[in-house]
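Okay, here's what each chain looks like letter by letter:
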Amino acid sequence: MRTEDVLAAIATGLWRWDNAAGTVTLDAEAARLLGLPPEPGVYREAAVRSRFHPVDWNEIYGVVNLAVTEGTLAEARLRIVDERGQVLRTVRSRSKPVVPADGDTESYVLIGTLQEVAEPQPGSSAADTPITGDWRRSREAFLLDAGRALAEARSTEEVLRVAASLSMPGFSPDGLAVFGVAGERLTIIGHHGQSAGEEDPFTDMPLDTDYPAAEAVRTGRAIYLPSPEEYRRRYPATWPLARRFGRRSWAYLPLVSSGRTMGAWMAGFQHPVRFSPDERAVLSTVARMLAQALARAGVAETERELSLGLQRSMMPTLGPDIPGMTVAARYVPTGGGLQVGGDWYDMIPLPNGRIALIIGDVQGHDVRAAGLMGQLRIALRAYASEGHRPDAVLSRASRFLSGLTDGYEGVAGDDEPAAPRFATCLYAEVDPDAGTLDIARAGHPDPVVVSADGTAVIRQTAGGLPLGIETDSDYPTTRVVLEPGETIMLCTDGLIETGGHDMATGWTRLRPVLEEPREDLEELADALVQAVHGPTSHYTTGPLADRREDDIAVLVLRRESGRAPETPARRSVLTIAQAEPERISVGRQLVRELLHDWKDPEQVDSAVLMVSEMATNVLVHTDGDALMAAEVSGERGERRRLRLLPVLADRTGPGGLRGRAARPGRSGGAAGRLRRGDRRGRGGAGLRGRRGLRAAHGRGRARPGATAPAHRAAGLTGRLRGRRGPGRPLPGTLEPLRAPLSPARPGSRAAPLRSGPRRSGPRRSGPQ
């Protein structure tokens, strides 16, 4: 009996599909099974394809390509349809692709059999056949869920955990292992289903070992072992290592990402698995997704390690404790990328026993910004350690950054132009004993001072251009005095502007956080960050359309108090230079913030008017600068008192500005008192004219290098009394007083504002 007769008796036909020639050779039985005339012949590929259901043809095409790649059999079930699309029968195909000697995978010849199966009912529609049943739907759902879970994994550990939890439809493995490649050796990245220590024989294995995973890495082809006998026949050297696990089937698949074999994946089964084409397709798809997930996780872990290393090296922890003071700091990088940016803070011990606090922000959020930040921070630390004053430190740093960015050359292939960058910075030299901070500012946001009673006020300080804009820039120094119990906050613009805020609305968002009583500075620093990035920040978005995040750096310093006074006073000082009369508006805003919780708006308006009058008189009727000092004292809910002290400022001496007041009884001093509604005098100040004022307080400026100031004070202070809290406020009274400050010693530093100003001579009490 001929072979063709035997095959026809069992309804099995032969076919030969030449992919390069586009022809299909069929015997009589194969032609009958395909719905063609039952006789041998050679047909065009299109004539045979028209007999396959379109869905099944797409599937068999993928199965054949997989078999060509792996050099295995291609098995599939196909629905045969007539000209009307009705299913005639279902056939099973088992074919072997033969690739020519030149290795051209597109010119293969598929040789195999077609055999009829009895599942479908002739004449039924294709939609009702079981070939599109539950198994295929469950496989597609499994691959969809597996792809989603692996795409969301951010680390190698998460990828391995997802791979171990995969439940494949109908043939879930009980043991998994992921192998990596290190040089010419095979390593184990992770495993599941084995006890600890059982992976040791496979941990460091040469790639030329007779082991399935090593061969999968060397050849890039999957290896399927459906039985222990097959494993022992093909890999006798390593069979003793695998036998002790008691498994019945194994699949070893290469992990290929971007054309590079990065390892292998082993799936072991306790039950026998035939590894049908459908099962092989599922395993191959999972292996590809697993390789891509491991590649992404490796890149993410490398970037994370790099960013953490940059943060550890460029953002040091705060140094030793400052006697009598407490410091807290926070740094929050912007979300995404390498998690590093241009913001930084630093605390440096100085040679004179003081402490330098530095906070700054380099333009940008990329690696270049982080590199410039590191170089600039080192330069600032070097200049400060040499003992330079704050203004000199910033001037040298600006020259350094300007030369650094001008000489920057872009990296080859970088589309972004190598434009120079600038940086904002605030440098504060802290004297722990006196509680003073000498601040120089380079385009940075002003500090915020929180008084002992919880009132937060933006402390206006003189400043210059950001670092790196000009090679020769001046940075004037402003002295800020911290009384016991007061806190100063330094921050970058990210804390204020993140969330679509400008400087005004951002300050409104932060002010309640600063004014809430907190004993622990660490809690205050956390609360400031939570106000910007916490859950409540979504309800406080600003008016701007651009709501991109920015890096945040916060530095908080508090001067400790041994015993808090019963009624802490609010104090603030502001210098108004002759060349900067516009800073009078800053003084008005300062007074409004000091009196933000007063109940009588008329008293606040009166105090603001008094500031303008007195500061204007000092600038117009003298040749010196004005030093405005404000103090609010009194019990909460009871009568409060505001003192405004205009003083002529002296610029001589290394200490910066010094106040100088007229002595009591000196001729030409301000005579009488000015109440609201008093229209005597010029400009409402009660002064008798510029000539008399000059005769009393002197005309010329101090000579350069002179130790004794030539200026005299305007001799005016103002007092505003009223009631704060519940109930109706009392009407206020404005009164000019004399001798607000004691004269400064020649050559001494600026004297901090102490307790309330002293008055001399008889005083008439205003309305209480």
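Only a predicted model underlies this, so the values are computations on that prediction, with no experimental measurement involved.

### Quick word on the confidence of the model for the protein
Scored by pLDDT, the protein has a mean of 75; 73% of the residues are at 70 or more. Across residues 120-133, confidence stays below pLDDT 50; counting only partners more than four residues off in sequence or on other chains, it has 26 contacts. Contacts from residues 651-768, a stretch scored under 50 in pLDDT, to residues over four places away or in other chains number 268 contacts.

### Details of the packing of helix α15 (residues 503-515) against helix α16 (residues 521-533)
The N-to-C vectors of α15 and α16 enclose an angle of 155°; their axes lie 10 Å apart at closest approach. In terms of orientation, α15 lies roughly antiparallel with respect to α16. Between α15 and α16 the crossing geometry is right-handed. The residues of α16 that touch α15, namely those facing Arg-509, Leu-510, Val-513 and Leu-514, are Leu-524, Ala-527, Leu-528, Ala-531 and Val-532.

### Quick word on the sheet that holds strand β10 (residues 223-225)
Spatially, β9-β8-β7-β12-β11-β10 is the arrangement adopted by the six strands of the open sheet, whose pairing is antiparallel. With partners counted over all chains shown, the strands left at the sheet margins are β9 (205-206) and β10, one partner each. Pairing of strand β7 (residues 175-182) with strand β12 (residues 260-269), which is carried by six bridges, proceeds in the antiparallel orientation. Paired with Phe-179 across the bridge in β12 is Ala-264.

### Looking at the sheet that holds strand β21 (residues 487-491)
Taken in spatial order, the five strands of this open sheet run β13-β22-β21-β18-β19, and their pairing is antiparallel. One side of each edge strand has no neighbouring strand; the edge strands of this open sheet are β13 (325-332) and β19 (456-458). Each strand axis lies, on average, 20° off the axis of its neighbour in the sheet, ignoring direction. Taken together, the three bridges between strand β18 (residues 448-450) and β21 define a ladder with antiparallel strand orientation. Paired with Val-448 across the strands is Met-489, a residue of β21. On the sheet, α15 packs against β18, β19 and β21 and is oriented at approximately 140° with respect to β19.

### Observations concerning the nonpolar core
By size, the foremost hydrophobic cluster in this structure holds 33 residues, and its most contacted members are Val-159, Leu-253, Leu-255, Trp-265, Leu-283, Val-286 and Leu-290. A total of ten residues in this core trace back to one element, the largest contributor, which is helix α11 (residues 277-314).

### Observations concerning the side chain of Thr-461
You can see Thr-461 is positioned in the loop between β19 and β20 (477-481). Sequence-distant contacts of Thr-461, defined by excluding residues within four places in its chain, comprise Arg-441, Asp-446, Pro-447, Thr-478 and Val-480.

### Considerations on a nonpolar patch on the surface
On the surface, Phe-422, Leu-465 and Ile-469 cluster together into a nonpolar patch covering about 240 Å² of accessible area. Tracing the chain through its elements places Phe-422 in the loop between α13 (390-406) and β16 (423-431). A residue is classified by how much of its surface remains accessible, and Phe-422, at 31% relative accessible area, is partly exposed.

### Here we look at the packing of helix α17 (residues 584-594) against helix α18 (residues 601-621)
At their nearest, the axes of α17 and α18 sit 9 Å apart, and the two run at 150° to each other. Our classification of the angle between α17 and α18 gives roughly antiparallel. Seen from above, α17 lies across α18 with right-handed handedness. Residue-level inspection shows Ile-584, Gly-587, Arg-588, Val-591 and Arg-592 of α17 in contact with α18, the latter providing Val-604, Asp-605, Ala-607, Val-608, Val-611, Ser-612, Ala-615, Thr-616 and Leu-619. Within the contact of α17 with α18, the residues separate by chemical class into eight nonpolar, three polar and three charged.

Reading guide: rules and limits
Residues numbered from 1 in each chain as written. Predicted model: local features only at pLDDT ≥ 70, side-chain atom pairs only at ≥ 80, totals over all residues. Heavy atoms only, no water. pLDDT = per-residue confidence, 0-100. Contact = heavy atoms within 4.5 Å. Axes fitted to C-alpha atoms, helices over the stretch in contact; angles between N-to-C directions. Helix = DSSP H or I, 4+ residues; strand = E, 2+ residues; numbered from the N terminus. Parallel < 35°, antiparallel > 145°, perpendicular 65-115°, else oblique. Left-handed = near helix turned anticlockwise from the far one by under 90°. Pairing = 2+ DSSP bridges. Core = buried A, V, L, I, M, F, W, Y, C linked by side-chain atoms within 4.5 Å. Buried < 20%, exposed > 50% of the residue type's maximum accessible area, 1.4 Å probe, protein only. Patch = residues over 30% accessible without salt bridge, like charges linked within 9 Å, V, L, I, M, F, W, Y side chains within 5 Å. Areas by Shrake-Rupley, 256 points an atom, 1.4 Å probe, with all protein chains shown as cover. Salt bridge = Lys/Arg side-chain N within 4 Å of Asp/Glu carboxyl O. Nonpolar A, V, L, I, M, F, W, Y, C, P; charged D, E, K, R; others polar.

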